[in-house]
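Structure at a glance
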Amino acid sequence: MTTVLVANRGEIALRVLRTCRELGFGTVAVHSTSDAGSAAVRYADRAVCIGPGPAKRSYNHIPSVIEAARMTGADMIHPGYGFLSENPDFAEVCAAEGITFVGPPAPVMERLGDKAVARAMMVDAGLPLLPGSTEAVDDVDEACALAETIGYPVIIKASAGGGGRGMTVVRNGETFHDDFRRTRATATAVFGDGRVYVERYLDSARHVEIQVLCDAHGHGVHLGARDCSVQRRHQKLVEETPAPGLSDETVREMGEAAVRGVLAAGYTGAGTVEFLLDDQHRFYFMEVNCRLQVEHPVTEMVTGLDLVAEQLRIAAGEPLGFSQEDVAPRGAAIECRINAEDPARDFAPTPAVVERFTPPGGPFVRVDTHVGAGYRIPPDYDSLLAKVLVWAPDRAGAIARMDRALEELELTGERLVTTAEFLRTVLADPEFAAGKHDTALLDRMARTRTTL
Amino acid sequence: MTATVETTDLHAVLAALRENAVALAVSGTQPPTRIRVEAAGVVVELGWGAAAPAPVTAAADPAPVPVTAAAPVAAVAPTNGSSAPAPPPGHRLTAPTVGVFYRAPEPGAPPFVAVGDHVQPGQQVGIVEAMKLMIPVEADRGGPVLELLCGDGESVEFGQPLMVLG
């Protein structure tokens, strides 16, 4: 029997374990001392404590995760998102230990994880890119000259960056030198890699990404577009599919470009190709995420596919069981991230104890969560408590249903503030309701609130 | 937790607390800088370092706080008044990482320690191997080895008790 170890925590660990259970696989959860007794720990057939609270010594500690797999006889490791999910060293160690890593091969992950290298690869594959450097620039004068050629505003990004960190928008040449040095210093401190690159910055852009699936036999399909433009500090809060207002033609072009790009890179498994869209709906390659995304369920709800099951089949070497023509997304799906964060205090985390929790229910509502009444939010990890998802035949219906679901959601505790109420104001925003918003929406809403 | 504690039980608790506090106080290489003893809720708490008073004489021991005295605060878990069973005696030394526990430095070699041996704080008492990495297990306090809880070559989780020290 196949046994899958889930090297993650929180809602995603539970979500992956559930599919493993449906497929009849044995399950192993690993956990830190902070997560002893968590929902995933209780759900799995076996659980192994791999270290103390700080992720560096538990969820990110490769020897401990591998030992847990060896100890429990796990054949596969699903890394979820975050932690070791995009760590090529981890994928390599898994391969060396004879454990199947659920994700792309280590060398592919390494190349695509380096944003400067990924850009160069996608140029070769014929994908459109924003004007900018096709490789990392080390020299500040060279970078500044490049910025002048590109035209301001530009964005300086860490090659090894991710999660919205290690990037700086530069409005004019006066601050470029300082911004460049600071971004490099941040990149060195946060990612241990000071290389950066420069590209044109779009002030009003939409963030639209394509979900892809590739098997190990050279076949790839795209599963539609997700719009993730509702962001604060480059962190997504609301995601939806299809991307509102985008023509089928544009989505098809983006999908084909995405599949072409990842197949050229030798990609296997589930992946996401992120694009920026300007106001003319011209799309530009941004990066490839070599993992299952937080927002993958919106794609599942319109396609009827279980992306984790697809990942596990692909990892086991099976060919894709369907072709592009078989992919027929239906209706609209929205996800809202319920975080333990206070929108009134610039989304500061609010670690607390959950006293009351009643998830929303009713037709076409899905809640992915690891939380229950009495749950103590550990300070060691991210602030995601629950993902509330809805499906409806069209976008207006989905927005109404989401508003109803968030109204039903009860998630309270002393000093606990979540994003739920704030997200209802986003849903009610005329720009969002019209599907005409871009990544600047939350900043604009914040400004409106302060001026009122 | 029961609302009241019988006087005789209170005396017993206090005696146990005293005993534990003294045992802990002498276990370190330095005198503790902080002692807290509580009664009905049952707490013994000793601290080393941090709030240490300035040495009175220039000849004071300059040795740093031993890193192997892992937990700066040792505490006895609260018991439920007179109705709860007494906490098992001794101190549990736990695994520093998930991995395979070895009692000896190499196969066939005599074990680091056996029941009845007296160990010093910081003394190596075993190995946990995680992916060919040999992580030494060191006694986090001095005292006799009362019981071995884990066999040679057994898989252990992080924090799993390996042996009981007196």
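None of these values were measured; they are calculated from a predicted model. (Residues numbered from 1 in each chain as written. Chains lettered and ligands numbered in written order. Predicted model: local features only at pLDDT ≥ 70, side-chain atom pairs only at ≥ 80, totals over all residues.)

In terms of helices and strands, chain A carries 15 helices and 20 strands. Taken over C-alpha atoms, the radius of gyration comes to 21 Å for chain A, in line with the 22 Å a tight globule of 452 residues would show. In terms of overall dimensions, chain A has a C-alpha envelope of 60 × 55 × 45 Å along the principal axes. Residues counted as buried form 51% of the 452 residues belonging to chain A. Put simply, of all contacts in chain A between residues at least 6 apart along the chain, 64% involve residues at least 24 apart. (Helix = DSSP H or I, 4+ residues; strand = E, 2+ residues; numbered from the N terminus. Rg over C-alpha atoms; globule rule 2.2 N^0.38 Å. Buried ≥ 20, exposed ≤ 12 C-beta atoms within 10 Å, placed from the backbone. Contact = placed C-beta atoms within 7 Å.)

A separate point is the overall build of chain B. In terms of regular secondary structure, chain B is built from one helix and 11 strands. Secondary structure elements in chain B, listed N-terminal to C-terminal, are α-β-β-β-β-β-β-β-β-β-β-β. Within chain B, buried positions represent 25% of all 166 residues. Counting only contacts in chain B whose residues sit at least 6 apart along the sequence, the fraction spanning at least 24 positions is 59%.

Turning our attention to unusual backbone geometry. Most peptide bonds are trans, and most residues other than glycine sit at a negative phi. All names here are of chain A. Along the chain, Tyr152 connects to Pro153 via a cis peptide bond; the corresponding omega equals 0°. Here Pro153 is to be found in the loop between helix 7 (140-150) and strand 6 (154-162). Cis geometry is adopted by the peptide bond preceding Pro242, which originates at Thr241 and carries an omega value of -5°. Along the chain, Pro242 falls in the loop between strand 11 (235-241) and helix 9 (248-264). Even without being a glycine, His281 presents a positive backbone phi close to 65°. For His281, the location among the structural elements is in the loop between strand 12 (269-277) and strand 13 (283-289). The phi angle at Asp346 is positive, at roughly 55°, despite the residue not being glycine.

Take the nonpolar core next. The biggest cluster of nonpolar side chains holds 102 residues, and the ones touching the most others in it are A:Leu5, A:Ala29, A:Ala68 and A:Phe275. A:Ala333, A:Tyr375, A:Trp391 and A:Ala398 belong to the second largest nonpolar core, which has 36 residues in total. (Core = buried A, V, L, I, M, F, W, Y, C linked by C-beta atoms within 7 Å.)

All names here are of chain B. As judged from the three bridges shared by strand 5 (residues 99-102) and strand 10 (residues 154-156), these two strands associate in the antiparallel manner. Opposite Val100, over in strand 10, you have Ser155 as the bridge partner. With three bridges joining them, strand 5 and strand 7 (residues 124-130) adopt antiparallel strand pairing. Residue pairing across strands places Tyr102 opposite Ile127, the latter belonging to strand 7. (Pairing = 2+ DSSP bridges.)

Judged by pairing direction, the sheet is antiparallel, and its four strands sit side by side in the order 8-7-5-10 (chain B) without closing on themselves. Because the sheet does not close on itself, it has two edges, and the strands there are strand 8 (133-138) and strand 10 of chain B. In this sheet, neighbouring strand axes are inclined to one another by 35° on average, regardless of whether the strands run parallel or antiparallel. Running at roughly 85° to strand 7 of chain B, helix 3 (residues 62-72) of chain A makes contact with strand 5, strand 7, strand 8 and strand 10 of chain B of the sheet. (Axes fitted to C-alpha atoms, helices over the stretch in contact; angles between N-to-C directions.)

Another point: the sheet that holds strand 6 of chain A. Residues and elements named next belong to chain A. A sheet is described by the order of its strands in space; here three strands give the open sequence 7-6-8, paired in antiparallel fashion. A single partner strand is all that each edge strand has here, and the edge strands are strand 7 (165-170) and strand 8 (196-200). Neighbouring strand axes in the sheet, compared pairwise and without regard to direction, differ in orientation by 25° on average. The pairing of strand 6 with strand 7 spans five bridges and is classified as antiparallel. Within the sheet, the bridge partner assigned to Ile156 lies in strand 7 and is Thr168. Lying over the sheet, helix 6 (residues 115-124) contacts strand 6 and strand 8, oriented at roughly 105° with respect to strand 6. Helix 8 (residues 176-191) contacts strand 6, strand 7 and strand 8 of the sheet and is inclined by roughly 170° relative to strand 7.

Once that is clear, we can look at the interface of chain B and chain A. Each partner contributes residues to the interface: chain B has 10 residues there, and chain A has 11 residues. Among the residues making up the side of chain B that touches chain A, the classes are represented as five nonpolar, four polar and one charged. (Nonpolar A, V, L, I, M, F, W, Y, C, P; charged D, E, K, R; others polar.)

Right, let's get into helix 1 (residues 10-22) of chain A. It helps to recall that an α-helix has 3.6 residues per turn; residues three or four apart then point in one direction. Taking 1.5 Å as the rise per residue, helix 1 of chain A with 13 residues should run 18 Å; its terminal C-alpha atoms sit 19 Å apart, in good agreement. Looking at the residues trailing helix 1 of chain A, positive phi occurs at A:Gly24, about 80°. (Expected span 1.5 Å × (residues − 1).)

Let us look at the confidence of the model for chain B. All names here are of chain B. Mean pLDDT for chain B: 71, with 48% of residues reaching 70 or above. Between residues 1-7, whose pLDDT stays under 50, and residues either more than four places distant or in other chains, the model counts nine contacts. The low-confidence segment residues 49-82, where pLDDT is below 50, has 55 contacts with residues more than four positions distant or belonging to other chains. Complex prediction metrics read pTM 0.82 and ipTM 0.79. (pLDDT = per-residue confidence, 0-100.)

Of the residues making up helix 6 of chain A, those classed as buried are A:Lys115, A:Ala116, A:Ala118, A:Arg119, A:Met121 and A:Met122. Phi turns positive one or two residues past the end of helix 6 of chain A, at A:Gly126, with a value near 85°.

To continue, consider the packing of helix 4 (residues 88-96) of chain A against helix 5 (residues 106-113) of chain A. Helix packing for two helices is described by the angle between their axes and how far apart those axes are. All names here are of chain A. The contact between helix 4 and helix 5 brings their axes to 8 Å, and the two run at 175°. Between helix 4 and helix 5, the angle falls in the class roughly antiparallel. Along the contact surface, helix 4 presents Pro88, Ala91, Glu92 and Ala95, while helix 5 presents Ala106, Met109, Glu110 and Gly113. (Parallel < 35°, antiparallel > 145°, perpendicular 65-115°, else oblique.)

All names here are of chain A. Two numbers describe how helix 12 (residues 395-408) lies on helix 13 (residues 420-428): the axes approach to 10 Å, and their chain directions differ by 160°. Between helix 12 and helix 13, the angle is such that the two are roughly antiparallel. Helix 12 and helix 13 meet at a crossing whose hand is left-handed. Residues Ile399, Met402, Asp403 and Leu406 of helix 12 pack against Ala420, Leu423, Arg424 and Leu427 of helix 13. Split by residue class, the contact of helix 12 with helix 13 holds six nonpolar, no polar and two charged. (Left-handed = near helix turned anticlockwise from the far one by under 90°.)

Before going further, it helps to examine the environment of A:Pro379. All names here are of chain A. Tracing the backbone through its elements, the reader meets Pro379 in the loop between strand 18 (365-369) and strand 19 (384-392). With 10 C-beta atoms packed within 10 Å, Pro379 lands in the exposed category. Each C-alpha atom of the pair Pro379 and Pro54 lies 9.2 Å from the other, and the pair is 325 residues apart in sequence.

Next up on the list: the environment of A:Ala392. All names here are of chain A. Looking at the secondary structure, you find Ala392 in strand 19. Residue Ala392 is classed as partly exposed on the basis of its C-beta count, with 19 C-beta atoms lying within 10 Å. Note: C-alpha distance between Ala392 and Ile334 (58 residues apart in sequence) is 9.0 Å. When sequence neighbours within four positions are dropped, the list of residues in contact with Ala392 reads Gly331, Ala332, Phe364, Gly397, Ala398 and Arg401.

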